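The primary structure of each chain is shown beneath.
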Amino acid sequence: MARITVVRPDHVSEVSGVGRAPRQALGDTDRLHLTLVENGKPNARTLLGYVADELRSRLPLAAVDVHSKPAAGKPIDADTADMLAARSHLVISGVGD
């Protein structure tokens, strides 16, 4: 027999032990490296540009790089993910349409 799970968006569940990941405080001279992952969909690069502009007004960014995927349906391979994680403080992947 099939089972159907109904998810109610107005339901409040009890969650315990969940919090933010530890963060290091930024010093006055610390600058962040932001990487944007553009997936090739229409308007993805434009949308990510708006996100980067907003983050520039809120965070001390030293650099903003854009990594382009060859296609929206193609995942980033493990080596590329490791490289992006090693060089970036913050990685944002965006979609368009």
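Use the structure listed above.
What you see is a predicted model; the values in this text were computed from it and never measured. (Residues numbered from 1 in each chain as written. Predicted model: local features only at pLDDT ≥ 70, side-chain atom pairs only at ≥ 80, totals over all residues. Heavy atoms only, no water.)

**What to know about unusual backbone geometry**
What counts here: Going along the chain from the N terminus, every DSSP run of H or I of four or more residues is numbered as a helix, and every run of E of two or more is numbered as a strand. Only protein chains enter the accessibility calculation, which uses a 1.4 Å probe; a residue whose area is less than 20% of its type maximum is buried, one above 50% is exposed, and one in between is partly exposed.
In this structure, N43 is a non-glycine residue whose phi angle is positive, near 75°. Within the secondary structure layout, N43 lies in the loop between β1 (32-38) and α1 (44-58). Exposure remark for N43: the relative accessible area of 48% places this residue in the partly exposed category.

**Examining the nonpolar core**
Note the following rule: The set of buried Ala, Val, Leu, Ile, Met, Phe, Trp, Tyr and Cys residues whose side-chain atoms join them within 4.5 Å is what this entry labels a nonpolar core.
In this structure, L32, L34, L36, L48, A52, L55 and L61 together form the largest nonpolar core, which totals 7 residues. Those elements that provide at least two residues to this core are β1 and α1.

**Here we look at α1**
We apply this condition: Expected span, for any helix, means 1.5 Å times one less than how many residues it has. The arc in question is the one spanned by the directions pointing from the helix axis to the C-beta atoms. For this analysis, residues touch if any pair of their heavy atoms sits within 4.5 Å.
Over its 15 residues, α1 extends 21 Å from the first C-alpha to the last, a length consistent with the 21 Å expected when each residue adds 1.5 Å. All of the buried residues in α1 are A44, L48, A52 and L55. Buried residues of α1, seen end-on, are gathered within an arc of 70° and therefore sit on one face of the element. Exposed residues on α1 whose side chains face more than 90 degrees from its buried face are Y50 and S57. On the buried face of α1, the contacting elements are β1, β2 (61-68) and β3 (90-94).

Any functional reading would require information that these geometric values do not contain.
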